[in-house]
Amino acid sequence: NAGVMQNPRHLVRRRGQEARLRCSPMKGHSHVYWYRQLPEEGLKFMVYLQKENIIDESGMPKERFSAEFPKEGPSILRIQQVVRGDSAAYFCASSWDRVNTEAFFGQGTRLTVV
Amino acid sequence: AQSVSQHNHHVILSEAASLELGCNYSYGGTVNLFWYVQYPGQHLQLLLKYFSGDPLVKGIKGFEAEFIKSKFSFNLRKPSVQWSDTAEYFCASHGSSNTGKLIFGQGTTLQVKP
């Protein structure tokens with residue numbers, strides 16, 4: 001059973017470009033969470049999705065960031081018009097239920113904006 | 001806002017020394033608590049979790065943690081560390097949310113000297 005797969009592992013974008021980060025959850029998991037880790041900080045929750053639905057996006061910046069988890073295919077975190085401050089490690093986690101269960105994490109995507 | 005705090009940001013120990021990493025959470029209700037470890041270049045892995053029951057939780061690789069409700073604490077311990085325990089350790093909580101999103105502490109970098 002493959003774990004949570006994220007790609008790419010490393011992504012370099014120029015300011016103003018778009019960044020697309022992909023996350024394939026573990027088989028059988030329908031709950032996906034995105035977290036961001038800024039330098040010298042802990043992981044911060046961004047968004048929680050359950051197949052085709054955004055359940056909680058309280059941690060998402062109001063502009064330029066969006067997420068989706070379509071019926072088929074991976075979850076996508078999209079950052080439009082990236083700025084230097086978006087440089088961070090973005091982690092995806094999945095679980096089979098929302099409560100009383102553990103989340104499994106991917107290896108993360110390290111985004112560098114130049 | 002709910003929070004999780006880790007007291008030690010960087011810990012250096014010699015092999016065979018005992019380890020205790022502090023973690024406090026702010027939420028007063030029912031909480032689920034976790035310790036994750038991130039080895040260099042790898043994804044976050046679950047060390048142990050507490051949902052209910054025995055407040056002394058045994059995890060993988062000889063780690064344990066004790067949930068003390070009166071102190072809002074969930075400290076991680078290991079009697080004798082090894083060089084291979086060098087990693088970053090994160091304490092996390094589900095808090096009051098029913099969505100399964102995790103609130104992380106800032107992380108503690110553990111360096112074990114051979």
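First, a word on scope: everything that follows refers to the structure included in this document. Residue positions within a chain follow its written sequence, with the count starting from 1. Going through the entries in the order they are written, you letter the chains from A and number the ligands from 1. Local features in this predicted model are restricted to residues of pLDDT 70 or higher, and side-chain atom pairs are both shown and tallied only at a pLDDT of 80 or more, whereas totals for entire chains, interfaces and linings draw on every residue. To get the side-chain values, all heavy atoms of the structure are used, and hydrogens and water are removed first.

**Some remarks on the overall build of chain B**
- Within chain B one finds 0 helices and 12 strands.
- If you list the helices and strands of chain B from N to C, you get β-β-β-β-β-β-β-β-β-β-β-β.
- When its C-alpha atoms are laid out on the principal axes, chain B stretches across 40 × 30 × 20 Å.
- Each residue is assigned to one of three classes by its accessible area relative to the maximum for its type, calculated with a 1.4 Å probe on protein chains only: buried under 20%, partly exposed between the two thresholds, exposed over 50%. Scored against the burial criterion, the 114 residues of chain B give a buried share of 48%.
- With residues, only the protein chains shown are counted as cover, and all accessible areas are computed by Shrake-Rupley using a 1.4 Å probe. A total accessible area of about 5200 Å² is found for chain B, and carbon and sulfur atoms account for 52% of it. By definition, any uninterrupted DSSP run of H or I lasting at least four residues is a helix, any uninterrupted run of E lasting at least two residues is a strand, and each is numbered from the N terminus.

**Re the pairing of strand E10 (residues 87-93) of chain B**
Residues and elements named next belong to chain B.
- Of all 7 residues that make up E10, 6 are buried, and the element is covered over most of its length.
- The criterion for strand pairing is that DSSP finds at least two bridges linking the strands in question. Here 6 bridges tie strand E5 (residues 33-38) to E10, and the two strands are oriented antiparallel to one another. When the bridges of E10 are listed, Phe34 appears paired with Ala92.
- Judged from the 2 bridges that link them, E10 and strand E11 (residues 103-104) form a sheet pairing that is antiparallel. Counterpart to Ala92 in the pairing with E11 is Phe104.

**Here we look at the interface of chain B and chain A**
- Counting residues at the interface gives 21 residues for chain B and 21 residues for chain A.
- Note on terms: buried area is the combined drop in 1.4 Å-probe accessible area of two parts once they are placed together, counting the loss on both. When chain B packs against chain A, close to 1700 Å² is buried across both sides, 54% of that on carbon and sulfur atoms.
- Counting the surface chain B buries against chain A, the share from its top three residues, Thr99(B), Lys101(B) and Phe104(B), is 28%.
- Put simply, a salt bridge is a Lys or Arg side-chain nitrogen that is within 4 Å of an Asp or Glu carboxyl oxygen. One can count 2 salt bridges joining chain B with chain A.
- Among the salt bridges present, the one from Asp56(A) reaches Lys101(B), with a minimum N-O distance of 3.2 Å.
- Contributions of two or more residues to the side of chain B that touches chain A are made by E5 and strand E6 (44-50) of chain B.
- Of the residues that constitute the side of chain B that touches chain A, the class distribution is 8 nonpolar, 11 polar and 2 charged. Contacts are assigned to residue pairs that have any heavy atoms within 4.5 Å of one another. Residue classes follow a fixed rule: Ala, Val, Leu, Ile, Met, Phe, Trp, Tyr, Cys and Pro count as nonpolar, while Asp, Glu, Lys and Arg count as charged, and any other residue, Gly among them, counts as polar.

**Some thoughts on the nonpolar core**
- The term nonpolar core refers to a set of buried residues drawn from Ala, Val, Leu, Ile, Met, Phe, Trp, Tyr and Cys, joined through side-chain atoms within 4.5 Å. Ranked by size, the top nonpolar core spans 27 residues in total, and within it Trp35(B), Leu47(B), Leu48(B), Phe74(B), Leu76(B) and Tyr89(B) carry the most contacts.
- Within the second largest apolar cluster, 23 residues are counted, among which are Leu21(A), Trp34(A), Val82(A) and Val113(A).

**Examining the packing of aromatic side chains**
- By convention, a stacked pair of Phe, Tyr or Trp rings (six-membered ring in the case of Trp) has centres within 6.5 Å and planes under 30 degrees apart, an edge-to-face pair has planes over 60 apart, and any other such pair is tilted. Scanning the model with the defined rule gives 15 aromatic pairs over all chains in all.
- Measuring from centroid to centroid gives 6.1 Å for Phe90(B) and Phe104(B), while their planes differ by 90°, and the two rings are edge-to-face. Of this pair, Phe90(B) sits in strand E10 while Phe104(B) is found in strand E11, placing the two residues 14 residues apart along the sequence. In this structure, Phe90(B) and Phe104(B) share a single accessibility class: buried.
- Among the aromatic residues, ring-to-ring pairing joins Tyr35(A), Phe45(A), Phe105(A), Phe34(B), Tyr36(B), Phe51(B), Phe90(B) and Phe104(B) into one connected group.

**Here we look at the pattern of salt bridges**
Residues and elements named next belong to chain A.
- Here the structure, examined in full by the defined rule, presents 9 salt bridges over all chains.
- For Arg78, the salt bridge is made with Glu18, and the minimal N-O distance between the two is 2.8 Å. Of the two residues, Arg78 sits in strand E8 (residues 75-79) while Glu18 sits in the loop between strand E2 (10-13) and strand E3 (19-24), which places them 60 residues apart along the sequence.
- Taking relative accessible area as the criterion, Glu18 reaches 28% and is therefore assigned partly exposed.

**Looking at the side chain of Asn75(B)**
Residues and elements named next belong to chain B.
- Mapped onto the elements of the fold, Asn75 is located in strand E9 (residues 73-78).
- Here a polar contact means two N or O atoms within 3.5 Å. Within protein one must be a hydrogen donor candidate and the other an acceptor candidate, and residues neighboring in sequence count only if both atoms are side-chain atoms. In this structure the side chain of Asn75 is engaged in a polar contact, spanning 2.9 Å, whose partner is the backbone nitrogen of Cys23.
- When neighbours within four sequence positions are excluded, Asn75 is seen to be in contact with Glu20, Leu21, Gly22, Cys23, Trp35, Glu64, Ala65 and Glu66.

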